[in-house]
Amino acid sequence: MGRVSRRAFAVAALSAFTMMPQASAATGRRGGAQAPEMRGVWLASVANRDWPSKSGLTASQQRAELRAHLDTAVANRLNTVFFQVRPTADALWPSPYEPWSQYLTGTQGKHPGWDPLGTAVKEAHARGLHLHAWFNPYRIAVHADPTRLAASHPARENPDWVVTYGGKLFYNPGLPEVRAFVEDAMLDAVAKYPVDGVHFDDYFYPYPVAGQRFDDDAAYEEHGGGFPDRAAWRRDNIDRLVRETADRVKEVRPGASFGISPFGVWRNAATDPLGSDTRAGVETYDDLHADTRKWVSEGWIDYIVPQLYWNIGFAAADYAKLVPWWAEVASGSPTQLYVGEALYKAGDPAQPAAWQETGELSRHLTLAAEYPQVRGHAYFAARDVAADRIGAMARVVADHYGQPAPPPR
């Protein structure tokens, strides 16, 4: 569910770092001048996570909530919004490929009475914000019942495209016709609207579910020849999606950037000496079949936002170890590195002590400022920016965002 189900993989512990003054943390490496810097926020629509606050609101109420989120971004001196416009093989714009999202009206396929993506682009630009259209390529539904989809849904018309796994429905990434379809569906929005970027989240092949297997036997038998094993074939499927999407974005809207926000651990060093000094339970290379390090090293994407949703000092996946690892990966690459931050954890009573400290996130930015490859940060998510339970976002703004900054191009 957007960035909900994977949260179990991001657990916090105590921090041991101290604050640095704003001048050295925010402007020291830039010689006092405010250079372009990513200051992003994710605006999630899946399961009405951030927006709209619930399904079935009137068009006027939905527009008002959307504007409020954009105003909140401006008030916090953010400059980019990652707006989730295709949460579950559906659309927040009038798409000829897929039905209107159920998260708008409560009924998949029902016209909401307005154009959310068109309005979001216009309203964001009016406020000086960049807007990146955020797509989930392969997730069809967060349930396993195809009959609950709109009657005209492509997944119902093409049941052989669908794999049921972990109580959810997914398009099969191993089918070339699926890859072509999801690219067409996403690029429709890019062609129609002057978006500043195209954004994928961390879902490629689904996160592993104990005791279950993703049944792509038929696709592997038909298309997997020439690969040493199924895992290599799966990674190639995702590589093709990434390369083809990158090429098509440049063709359709040359000024737009294309970026991806993956789970923060490529591989653990115990698995691969090129991996990070972590002991994460998920590795994108092996479990999601997403070779995120390769995409950066080869310069296939314009930017990457690894979700480093752990605190400084967390034993299994230490923020202070992952930032330098990613900085080294990005060194010499044309791919820009931004860091995904777990604002949603700050002040959550279910999280350990580090996330009850107002200054934890600010310490993240202080640490990351020591690495010139890090060109900014993005915060999950908009609802949490607005609520700012313990003032963690306000502390980031006070310590690091003294002046507005232009977004990177």
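Note that the structure is a prediction, hence the values are computed from the model and not measured.

S.K.: Please explain the overall build of the protein chain as it appears in this structure.
M.R.: Within the protein chain one finds 14 helices and 11 strands. Counting every position in the protein chain, which comprises 409 residues, the buried fraction comes to 58%. Pairs at least 24 apart in sequence give 75% of the contacts found in the protein chain among residues at least 6 apart. With an accessible surface of roughly 14,700 Å², the protein chain has 51% of that area assigned to carbon and sulfur atoms. On the protein chain, the mean spot of the 42 positive side-chain charges and the mean spot of the 47 negative ones are 5 Å from each other.

S.K.: Got a minute to help me understand the confidence of the model for the protein chain in this structure?
M.R.: Close inspection of predicted coordinates is inappropriate in any region flagged by low pLDDT. Taken over all residues, the pLDDT of the protein chain has a mean of 93, while the share at 70 or more is 92%. Throughout residues 1-31 the model reports pLDDT below 50, and contacts reaching past four residues in sequence, or to other chains, amount to 100 contacts.

S.K.: Is there a simple way to think about a negative patch on the surface in this case?
M.R.: Judged by side-chain charge, D160, E177, E221 and E222 come together as a negatively charged surface patch. Here E221 shows up in helix α7 (residues 217-223). Looking at E221, the relative accessible area reads 71%, which means it is exposed.

S.K.: Teacher, can you tell me more about the packing of helix α2 (residues 59-75) against helix α4 (residues 116-126) here?
M.R.: Across the interface, α2 lies against α4 with an axial gap of 10 Å and an inter-helix angle of 35°. The two elements α2 and α4 meet at a crossing, and its hand is right-handed. Each of R63, L66, R67 and L70 in α2 lies in contact with α4, whose residues at this interface are P116, T119, A120, E123 and A124. Class assignment for the residues of the contact of α2 with α4 results in five nonpolar, one polar and three charged.

Criteria and cut-off values
- Residues numbered from 1 in each chain as written.
- Predicted model: local features only at pLDDT ≥ 70, side-chain atom pairs only at ≥ 80, totals over all residues.
- Heavy atoms only, no water.
- Helix = DSSP H or I, 4+ residues; strand = E, 2+ residues; numbered from the N terminus.
- Buried < 20%, exposed > 50% of the residue type's maximum accessible area, 1.4 Å probe, protein only.
- Contact = heavy atoms within 4.5 Å.
- Areas by Shrake-Rupley, 256 points an atom, 1.4 Å probe, with all protein chains shown as cover.
- Lys, Arg positive; Asp, Glu negative; His and termini not counted.
- Charge placed at Lys NZ, Arg CZ, Asp CG, Glu CD.
- pLDDT = per-residue confidence, 0-100.
- Patch = residues over 30% accessible without salt bridge, like charges linked within 9 Å, V, L, I, M, F, W, Y side chains within 5 Å.
- Salt bridge = Lys/Arg side-chain N within 4 Å of Asp/Glu carboxyl O.
- Axes fitted to C-alpha atoms, helices over the stretch in contact; angles between N-to-C directions.
- Left-handed = near helix turned anticlockwise from the far one by under 90°.
- Nonpolar A, V, L, I, M, F, W, Y, C, P; charged D, E, K, R; others polar.

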